Amino acid sequence: MQGVIAMMSKNNTNGRNQFAMLTIDDLVPQDHLVRKIDAALDFEFIYPIVEATYSDLGRPSIDPVILIKLVFIQYLFGIRSMRQTIKEVDTNVAYRWFLGYSFEEKIPHFSTFGKNYVRRFRETTVFEDIFAYILEQAVKAGFVTEDNLYLDSTHIKANANKHKFTKEMTHDEAKAYQDELEDEINRQRIEAGKRPFTLDLEKEVKLKERKISKADPESGYYVKGEREKQFAYSAHTSCDDNGFILSTIITPGNIHDSQVAFQLVKQSKRLFPEINCVVADAGYKTPKFVHFLTHLNLRPCLPYSRPKGKKELLSKNEFLYDEYFDCYICPQDQMLAFSTVTREGYREYKSNPKECVNCPLLNQCTISKNHQRVITRHVWGDLMDEVEHLRLTDLNKSIYKKRKQTIERIFADAKEKHGMRWTKYRGLEKVATHTMLVFAAMNLKKLATWLWKGKEPLFFCSKIRNEVDKKLFQARVTSLEQLLSTVWNLEKQRFPSSFSSIFLSFFYAFFCLSVVSINDDLFQFRDQWFFRISCRTLVFVS
């Protein structure tokens, strides 16, 4: 027992009054995040952005760089409020070093940024410009890729009681791409010998009952599956392969993802025109959105979606669509003929009740009183079929797997580490500003960390990879051309007949099509088959 007591040490508090010759720089760890950010970004860029919001008259203001750095400290380290941020800065040496403050300098009051926001920065593009500048630095560093665009949205809990609301009748939002859909509907109705639909301007506009929060009327009542029903905002966001946030749009929580996706893709495509693939979850798998992507020559990468309808009945997938005769074939080999095109944009295919009444699968197929099964197919159903075909390719499978480490990780980090699970602000503009600054802080954190580690720019690596792919492609084409030339010469020497000329013409056409339409998915497949046909041709000639 005495040995245990002898080994137990007791610390004294004399160190509280110690005097030492130190600087703030000596107390900040060399690998602290604020050091990485200070080395990665020169905050002098803020002055020309905010210059127009300051007057030439009056007392000197607080340095705008200090105001912006205070906000970045709050969102980088997930501090819940500006009041708490000021308390943390007052006692945290690293934060003081980042701001450039000495031990004795007084930190600005917590209301300073709020007053400057209301009087200067509100209704300006200051925060959008800051976000764009940080993203531009990531692009210049070569960390942003432009191949794939990942889309998704997450809800931000509003600062409003979900039990205190009023019910109001409001107009439905205008549906995106509706004009193009109506034109396609009328075109197909005319082809089918039906009368086109006309827009009745005098028809009463449909109203829908909505819950409006008393505390934050601009928020939306969020209802999705088994999740908690609450007033919230939705942050519709896009990112690249490396998790850099490219753009974001904030809407009330009751706006569907697919409605905002059109604007989000256009916004991202305008900033990064080299994007060629859009990756999203099943919520974006709508005919309108797929048609929109096809119109922009973008490759859709969308997941499998379960068939809708009653589980006890045969699903639509169990019926075979015959594109040539434009009909469906049921499991009992009976035809469902085309009937009409609805105003909603669906082609209806109906079975013959006289044949269905004695069908052994009647109870599993339909519950209608007239014993008729009706299957609908969207007017852009061929595009949806192409999406299903692309879903099964190796390229789409490999790209879609990256969602969990890109856009989904962004939302997880934003909520767990940067305080975006809920917002204390009220109003769409303030919530949008808050979200924009959180995403700017996340981009800045990733940029600073990668630069600090000396990470090799992925843009440079992708350039090298593209050059290697081009050289490999040219080498394969050259070898195929040499093989074709050999076959051609042997054929002309040994079988100078018209049949041989026709055969070789077909052979040469197949070669041209193979080279022209080659892509990442089908290159190896077509290359192998071309080699097989070439070998068989050599055997035939010899």
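This text follows the structure it describes.
Residues numbered from 1 in each chain as written. Predicted model: local features only at pLDDT ≥ 70, side-chain atom pairs only at ≥ 80, totals over all residues. Heavy atoms only, no water.

What to know about the sheet that holds strand 12 (residues 346-350)
With antiparallel pairing, five strands are arranged side by side in an open sheet as 9-10-11-12-13. Both outer strands of the open sheet, strand 9 (320-322) and strand 13 (374-378), are each paired with one neighbouring strand and no more. Looking at each pair of strands side by side, their axes are set apart by 35° on average, direction ignored. Across three bridges, strand 9 lies against strand 10 (residues 327-329) in antiparallel orientation. Bridge pairing links leucine 320 to isoleucine 329 in strand 10. (Pairing = 2+ DSSP bridges. Helix = DSSP H or I, 4+ residues; strand = E, 2+ residues; numbered from the N terminus. Axes fitted to C-alpha atoms, helices over the stretch in contact; angles between N-to-C directions.)

Thoughts on the nonpolar core
Ranked by size, the top nonpolar core spans 108 residues in total, and within it Phe43, Phe72, Leu151, Phe289 and Phe439 carry the most contacts. For this core, the element with the most residues is helix 18 (residues 428-453), which contributes twelve residues. Look past the residues within four positions of phenylalanine 43 in its chain and what remains in contact with it is Ile37, Val65, Lys69, Phe72, Phe98 and Leu444. Ranked by size, the runner-up nonpolar core spans eight residues in total, among them Leu314, Phe319, Cys330 and Ile375. (Core = buried A, V, L, I, M, F, W, Y, C linked by side-chain atoms within 4.5 Å. Buried < 20%, exposed > 50% of the residue type's maximum accessible area, 1.4 Å probe, protein only. Contact = heavy atoms within 4.5 Å.)

Re the environment of glutamate 429
Assignment of secondary structure puts glutamate 429 in helix 18. Looking at glutamate 429, the relative accessible area reads 31%, which means it is partly exposed. The spatial distance from the C-alpha of glutamate 429 to the C-alpha of isoleucine 250 is 8.7 Å, given a sequence separation of 179 residues. If near-sequence neighbours (up to four positions away) are discounted, glutamate 429 is found in contact with Tyr117, Arg122, Glu123 and Glu218. Reaching out from glutamate 429, the side chain makes a polar contact with the backbone nitrogen of glutamate 123 at a distance of 2.9 Å. (Polar contact = N/O pair within 3.5 Å; in protein donor to acceptor, adjacent residues only side chain to side chain.)

Considerations on the environment of glutamine 137
Within the fold, glutamine 137 resides in helix 9 (residues 126-140). Between the alpha carbons of glutamine 137 and leucine 444 there is a distance of 9.1 Å; along the sequence they are 307 residues apart. Each residue touching glutamine 137, except ones within four places of it in the same chain, is listed here: Leu41 and Leu447.

Thoughts on helix 18
If you check helix 18, its first and last C-alpha atoms are 38 Å apart, about what 26 residues at 1.5 Å a residue would give, namely 38 Å. Once helix 18 ends, the next one or two residues include glycine 454, with phi positive near 70°. (Expected span 1.5 Å × (residues − 1).)

Let's talk about a nonpolar patch on the surface
Taken together, the side chains of Leu22, Leu27 and Phe103 make up a nonpolar region of the molecular surface, amounting to roughly 290 Å² of accessible area. Within the element layout of this structure, leucine 22 appears in the loop between helix 1 (2-7) and helix 2 (24-27). The class for leucine 22 is exposed, based on a relative accessible area of 51%. (Patch = residues over 30% accessible without salt bridge, like charges linked within 9 Å, V, L, I, M, F, W, Y side chains within 5 Å. Areas by Shrake-Rupley, 256 points an atom, 1.4 Å probe, with all protein chains shown as cover. Salt bridge = Lys/Arg side-chain N within 4 Å of Asp/Glu carboxyl O.)

Section: the packing of aromatic side chains
Summed over all chains, the structure comprises 23 aromatic pairs. Measuring from centroid to centroid gives 5.8 Å for phenylalanine 43 and phenylalanine 98, while their planes differ by 85°, and the two rings are edge-to-face. On the criterion of sequence distance, the pair formed by phenylalanine 43 in the loop between helix 3 (33-40) and helix 4 (46-50) and phenylalanine 98 in helix 7 (residues 93-99) is long-range, its members being 55 residues apart. Its relative accessible area of 4% is what places phenylalanine 43 among the buried residues. Taken together, the ring pairs in this structure connect Phe43, Phe45, Phe72, Phe98 and Tyr133 into an aromatic cluster. Taking the ring centre of phenylalanine 98 as reference, the NZ or CZ of lysine 69 above it sits at 4.8 Å. (Phe/Tyr/Trp six-rings, centres within 6.5 Å; stacked < 30°, edge-to-face > 60°. Lys NZ or Arg CZ within 6 Å of the ring centre and 35° of its normal.)

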